[in-house]
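Structural description and commentary
Spelled out, the chains give:
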Amino acid sequence: MKLADFCLLALILAAGCGGGASLTGGGDGQDHLLPDDGSVDDQVVDGAGEDGGMDLDSAGDIDLGDDGGGDDARDDDGAICPVWAVPLPTGGTEDGSEARPFGGLDRALEGRGACDTIVLRGGTPETPFDAAVNIDLAVGETLTIEGESAVEALAELDARDDIGLFVTGEGTLVLRHLAVRWGWGPTGGCLDAEVAVLRMEDTEFSGCRADVECGVRVSAENIEISNSKFTNNQVMPDADPILWPPGVVCLDGPPDTAYVLVERCRFEGNDTDFGSALAMQAQTLDAVVRDCVFTGNHAGLGPAALAGTLGELSHNRFEANEVERGWGIVGIEGTPETRVVHNLFVGNSSYASEMGLKVSRGIVANNLFVRNTCRNTPDVIGCRAAVYVTSRDNVDLRNNTFVGNDSEEGIAHLAYDSAFGQARSNLFVGGAGAGAVGMVYSEWGESAEMTWNAWWDVPEPVWGEGIHLGEGNIEADPFFDGGDDFHLGADSAAIDAGDPDPLLADPDGTRNDIGAFGGPEGDWTPLPEGGAP
């Protein structure tokens, strides 16, 4: 900058300017810009004006302008945050700013300093980020890795048949608006995370493979996954699984204290020789799966869709899942407080096992079990119905509807090995097999007491040997409206024929209607096929 320029500005400030004179600012008697030798004092030059010219800052100092690179967000220490990254090196200066992003996720991780957020710009199936990175989180540290929120497409990460995101430590990991694909390893092909807290929102994991267990594995005290997709992942173990139950997506945590929430997610086309699309491995009742779609998942030995310990399974759709050698579609461990409500099981198929839900304890209420099938194999004969109640624990089975379930040489709708509890206000319609409701092992004792249930056009016998019949069971045409609407028609005798307990009245205060749309929780709509991402 020429001395004449300083003189001009000095006139504006009503200050003198001459050879060797120092330029003063706001009348405080302090030299702000020029030392006695006339050179510029770098400690006072603040940076860029918006037009690249010369500005005054709030303290009266001269702002000399910048190179036109734009403003960068900086944290309290002056470091750039969030840090930006693009898939490949840019060939120029990289400082993590939006104008000069790091080339690659690994470079962003190395250069982020104390910044807690990395934004991935770009990343397409043709030019993805390399997902094969290691991350270690300090105690209490939070790291967010996210795609650009203003861009509809997810930022693509590709592990290229290597282990993908490998994360350890006692911090919090947040993944948002990302797609992670093509990871492969003994376990946790696309994501292997052992952290304190994990949050995933608007993510997709596909093409994730493991040779032992878990294409995606998370172990944390607190896990929340929402609006995410897990599709076409594969686990074909060449050794016995270490964790239980095994699966494609495995969520684990400390016994009794872990919190796990999975909501509005899609599990589709996942394949495992042994295990489930989603394995809830944390031994905690603070585990919830709701508003999710499980479709087209396959297992050699299941349960094919979901297994593990749960406190709540609500408003999910299980459709067209298949298991070859047994253990059904969904298997749940819990307590008498575990709730299985408002779920739809439709068109699932199994061989020599239960074709829908296997449950030992809890409340099973207001669910639909429709057109599920079971076929025996040349080696194993053991089809066990749409719902199989195991052990001698207490299950309260109420206000469920069973329609068209087909169990070759087995029980079509509801089977017990032996159990306490109740089965009331349930509706059994159509189907095929060696009976509608029965015992698998009648020598073990009687089933739960059956009261206030209705049946129509079911395979004989309606009630098999060992079934404990109570009062109020009737034969009643449901007069369904047709299609997949399983509300009772106005002329059905099953209306106001369920359990007369006032605590189980319909939402309108009238007596309980038999079937999935009766009782205090009878006002619900099954989750549609497109009801999750």
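Residues numbered from 1 in each chain as written. Predicted model: local features only at pLDDT ≥ 70, side-chain atom pairs only at ≥ 80, totals over all residues. Heavy atoms only, no water.

Things to note about the environment of alanine 493
Topologically, alanine 493 is positioned in the segment after β50 (474–475). Beyond its immediate stretch of four places on either side in the chain, alanine 493 contacts Ile474, Ala476 and Asp477. (Helix = DSSP H or I, 4+ residues; strand = E, 2+ residues; numbered from the N terminus. Contact = heavy atoms within 4.5 Å.)

Remarks on the sheet that holds strand β35 (residues 357–359)
With respect to topology, 12 strands assemble into an open sheet ordered β7-β10-β12-β15-β19-β23-β27-β31-β35-β39-β43-β46, the strand pairing being parallel. Both edges of this open sheet fall to β7 (134–137) and β46 (437–439), since each of them pairs with a single strand only. Across this sheet, the average inter-strand angle for adjacent strands is 10°, counted without regard to direction. With 4 bridges joining them, strand β10 (residues 165–169) and strand β12 (residues 191–194) adopt parallel strand pairing. Paired with phenylalanine 166 across the bridge in β12 is aspartate 192. (Pairing = 2+ DSSP bridges. Axes fitted to C-alpha atoms, helices over the stretch in contact; angles between N-to-C directions.)

A look at the packing of aromatic side chains
One pass over the full model with this rule turns up 13 aromatic pairs. When the ring of phenylalanine 369 is compared with that of phenylalanine 402, the centres are 5.0 Å apart and the planes differ by 15°; the resulting orientation is stacked. Placement of phenylalanine 369 in strand β37 (residues 368–370) and of phenylalanine 402 in strand β41 (residues 401–403) is noted, with a sequence separation of 33 residues between them. Its relative accessible area of 0% is what places phenylalanine 369 among the buried residues. A relative accessible area of 0% means that phenylalanine 402 is categorised as buried. Considering the side-chain rings of phenylalanine 517 and tryptophan 524, the 5.3 Å spacing of their centres and the 25° angle between planes classify their relative orientation as stacked. Overall, tryptophan 524 belongs to the buried group, its relative accessible area being 7%. One Lys or Arg, lysine 358, reaches over the ring of tryptophan 327 and ends 5.8 Å from the middle of that ring. (Phe/Tyr/Trp six-rings, centres within 6.5 Å; stacked < 30°, edge-to-face > 60°. Buried < 20%, exposed > 50% of the residue type's maximum accessible area, 1.4 Å probe, protein only. Lys NZ or Arg CZ within 6 Å of the ring centre and 35° of its normal.)

Regarding the side chain of asparagine 316
The residue asparagine 316 is located in the loop between β28 (312–314) and β29 (317–319) in this model. A polar side-chain atom of asparagine 316 sits 2.9 Å from the main-chain amide nitrogen of cysteine 292. Beyond its immediate stretch of four places on either side in the chain, asparagine 316 contacts Val289, Arg290, Asp291, Cys292, Phe294, His342, Asn343, Leu344 and Leu527. (Polar contact = N/O pair within 3.5 Å; in protein donor to acceptor, adjacent residues only side chain to side chain.)

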